[in-house]
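Next come the chains, spelled out residue by residue.
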Amino acid sequence: MNLAENGENEHGAASISVPNVWRTLPPEFASCDVFYSDPPWSRGYPTFNARAGGEWPPYTAFVLRLDRLALNLAPPVIYVVDRSFARLCHADFTASLMLNGRPAVAASYRLAIPVAFKDSESLLELLARRFRRVGDFMAGYGRTGRVFAGLGGSFVLSDYNAHCIGYIANHAPGWFRP
Ligand SMILES: C[S@@+](CC[C@H](N)C(=O)[O-])C[C@H]1O[C@@H](n2cnc3c(N)ncnc32)[C@H](O)[C@@H]1O
């Protein structure tokens, strides 16, 4: 789904869709110059899967899948995760920060980042000042896109939960600077 008209700027039309991360990423993601996601943590993983419906592999396989995805993409990828994820993955750099009021780790592939941030929003702001189009394939309610659009950037967002994508479709046009 393309958000052209009010969801468009000089970096192109924003785009949203409903695939899951076990499949090949939709081709729209090829236009991104950076990726950011905060995936489910181990305790929340079954809840997100139940909301999306269907059968899903165990959490460790999910971490390894996200790790492989990040290793195979060319642009920098940053996941905001818990310590168990950070220990399993092959990120090049880590930083500490808060995510929704809880201590978390930013695991960064190919992009050196400061060792600490206040929170995920300040990390996203730093990325939005440096890159023009972000991809988030576990976008939830779209904070990644909101921060980029608010700072003049654009985004490609997907999530396997159609409810989240419906929310983004309804709200994203208002995230862009007039
Ligand atoms: C912690 S939330 C992300 C919150 C988001 N940053 C926001 O602004 O609301 C994690 C998201 O990952 C999505 N997710 C979990 N497993 C997924 C999968 N296999 N494929 C695609 N999305 C997935 C969930 O539906 C959920 O919206």
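Coordinates for the structure precede this section.
What comes next is a walk through the structure. (Residues numbered from 1 in each chain as written. Predicted model: local features only at pLDDT ≥ 70, side-chain atom pairs only at ≥ 80, totals over all residues.)

1. Some remarks on helix α5 (residues 143–150)
Then, in step 1: With respect to burial, α5 is a largely interior element, 6 of its 8 residues being buried.
Then, in step 2: For α5, every residue scored as buried is listed here: Thr144, Gly145, Arg146, Val147, Phe148 and Ala149.
Then, in step 3: Against β4 (34–37), α4 (120–130), β9 (133–136), β10 (154–158) and α6 (162–171) lie the buried residues of α5.
Then, in step 4: Taken from the residues just after α5, Gly152 is the one with a positive phi, measuring 90 degrees. (Buried ≥ 20, exposed ≤ 12 C-beta atoms within 10 Å, placed from the backbone. Helix = DSSP H or I, 4+ residues; strand = E, 2+ residues; numbered from the N terminus. Contact = placed C-beta atoms within 7 Å.)

2. A closer look at the site of the ligand
Then, in step 1: The full set close to the ligand counts 19 residues, and Asn20, Met138, Gly140, Arg143 and Tyr160 are the nearest of them.
Then, in step 2: Elements supplying a minimum of two residues to the shell around the ligand: α1 (45–52) and α5.
Then, in step 3: Of the residues that constitute the shell around the ligand, the class distribution is 11 nonpolar, 5 polar and 3 charged. (Near = placed C-beta within 6 Å. Nonpolar A, V, L, I, M, F, W, Y, C, P; charged D, E, K, R; others polar.)

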